[in-house]
Amino acid sequence: MHVQPSRRLAGLSSAIFTEMNQRKRAVEASGTFEVIDLGIGSPDQPPSPFIMEALTQAVRNPDNYGYPTSEGSLRFRETVASWYFHRFHVEVDPDHEVLSLMGSQDGLAHLAQGWIDPGDVVLVPDPGYPIYFASVNLAGGEIYPLPLRAENGFLPDFTNIPADILERAKLMVLNYPNNPVSATVQEGFFEKVVRFARENDILVAHDMAYSEMAFDGYRPPSFLETPGAKEVGVEFNSLSKSFNMAGCRVGYIVGNAQIIRPLAIIKSNIDYGIFLAIQEAAIAAMEHDILHPGQNRIAQVYQERRDVLLDGLAAIGWKIDKPKATMFVWAPIPDGWTSENFAFTLLEKAGVVVIPGNAFGQEGEGYVRIALVKPVDVLKEVIERIKKSGIISR
Ligand SMILES: *Cc1c(COP(=O)(O)O)cnc(C)c1O
């Protein structure tokens, strides 16, 4: 076969993830360890029983087997609007300011298709969730990375972006609580974003996948709570992390109707929406949350894991700040290692998979991302293995 696949594929590099997987399989094949995978950020818990029950009921309803619509059922969109009001006191119109997504990934992947042409610039956090980069590349746009650094509290600094970039920038992606760096937003930052977006005519897309996965009583704010935010921006949210429904592929975008519209047009051409039974289960999850505020216990599991892992690692000499949210720990690596060498060695000597920080952008160098996706007893085993491996010298 001499036919070549599209040049577009080159913009979807995932070389480090592929390499980690290959090395994991090699270690497994060698039989030295049963590998503990703290690489992938997929929730390991099932949804609450009432959600699975709602799904079961809906699956048995013969009316749910026609084509859905890509924008989502009216009841789904109304429930999203109610949930946003109850959770954040943000008002959105279910008709034009809410659009269902087959996971927020769907919207994150396709928003640029509706907004970005070759030559347009998108400001993307570095390190960042891989689809932010991939979606811009697929649209033929240009990425301008916004470094997220510890000294700035992992918030981007808008002051030194070159004028020609600002001129061509159409869209900015933000994500708090953040994956991979697990930082949360600081007071006043979103106000700064609205001002910056207005002054430079840049649209804002805020990814809020971890809105319900926060610890120690912290409640992450919606970007749309900020005065003026709905004039410049949209927010992505999802039931994947908030209700352990990752495999259901159900999420949504809310906010500015004009920003959502091109995405809705793209989607109406390429998909027919989410299976109605899954929309019903999502409605049940959100309605339950509205009626029983503060009873979503999903974060507690991760909070306990965070404490067990980080207290244990501190005791063997690896000190890592405790994140206030997300299912990830962004761990600075000891001196003398690159992120990749450290992750590869951890796998070979301790049988533990973590992701090298530079997999998420060059600013991730010097860190690894550890996902809290195993129960406490497994995390204790991780600490024990790391101790034995001698990788962390006191
Ligand atoms: C998990 C995650 C999502 C959610 O993706 P879905 O497609 O809704 O499952 C979005 N953004 C970030 C940063 C994530 O980590």
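As the structure is a prediction and not an experimental result, all values here were calculated from the model.

J.: Residue-level account of the domain arrangement of the protein chain, with values.
T.: Think of interface size as the accessible area that goes away when the parts come together; that is how it is often given. One can read the domain layout of the protein chain as domain 1 (7-46 + 296-389) and domain 2 (49-291). Inter-centroid distance (C-alpha atoms) of domain 1 to domain 2 is 26 Å. Of the roughly 2,800 Å² buried between domain 1 and domain 2, counting both surfaces, carbon and sulfur atoms make up 62%. For domain 1, the biggest contributors to the area lost against domain 2 are Lys324, Thr326 and Glu363; these three give 23% of the whole. On the surface where domain 1 and domain 2 come into contact, there are 2 salt bridges. Here Glu363 makes a salt bridge to Arg149, at a shortest N to O gap of 2.8 Å. Counting across the domain 1 and domain 2 interface gives 12 residue pairs in polar contact (both at pLDDT 80 or more). Counting residues per element, the ones that place at least two in the side of domain 1 that touches domain 2 are α12 (298-315), β9 (328-332) and β12 (367-371). In terms of residue count, the dominant contributor to the side of domain 1 that touches domain 2 is α12 (5 residues). Classifying every residue of the side of domain 1 that touches domain 2 gives 14 nonpolar, 9 polar and 5 charged.

J.: Kindly report on the pattern of salt bridges, identifying the contributing residues and their values.
T.: Taken as a whole, this structure holds 22 salt bridges when the rule is applied. Among the salt bridges present, the one from Lys322 reaches Asp311, with a minimum N-O distance of 3.0 Å. Of this pair, Lys322 sits in the loop between α12 and β9 while Asp311 sits in helix α12, and the two are 11 residues apart along the sequence. Residue Asp311 is classed as partly exposed on the basis of its relative accessible area of 45%.

J.: How would you summarise helix α5 (residues 130-138) if you had to cite specific residues and measurements?
T.: Within α5, the full set of buried residues consists of Ile131, Tyr132, Phe133, Ala134, Ser135 and Val136. Against the buried residues of α5 lie α4 (104-115), β3 (121-126), β4 (142-147), β5 (169-175) and β6 (203-207). One or two residues past the end of α5 sits Gly140, with phi positive at roughly 80°.

Criteria and cut-off values
Counting starts from 1 at the beginning of each chain's written sequence and moves along it residue by residue. It should be noted that, the model being predicted, local features are given only for residues of pLDDT at least 70 and side-chain atom pairs only at 80 or more, the latter also being counted only at that level, while totals for whole chains, interfaces and linings use all residues. Side-chain measures were taken over the full set of non-hydrogen atoms in the model, leaving aside hydrogen atoms and water. Domain extents, as shown, originate in an automatic or database domain assignment. Using a 1.4 Å probe, buried area is obtained as the accessible area two parts lose upon being combined, added over both of them. Criterion for a salt bridge: a side-chain nitrogen of Lys or Arg within 4 Å of a carboxyl oxygen of Asp or Glu. Contacts described as polar in this section are N or O atom pairs within 3.5 Å, which, within protein, must combine one atom able to donate a hydrogen with one able to accept it, while residues neighboring in sequence count only if both atoms come from side chains. Here a strand is any run of E in DSSP of at least two residues, a helix any run of H or I of at least four, and the numbering for each starts at the N terminus. Residues are grouped as follows: nonpolar covers Ala, Val, Leu, Ile, Met, Phe, Trp, Tyr, Cys and Pro; charged covers Asp, Glu, Lys and Arg; every other residue, Gly included, is treated as polar. Exposed residues in this analysis have more than 50% of their type's maximum accessible area, buried residues have under 20%, and partly exposed residues fall in between, with area computed by a 1.4 Å probe over protein chains only. Contacts were defined at the residue level, with two residues in contact if any of their heavy atoms lie within 4.5 Å.

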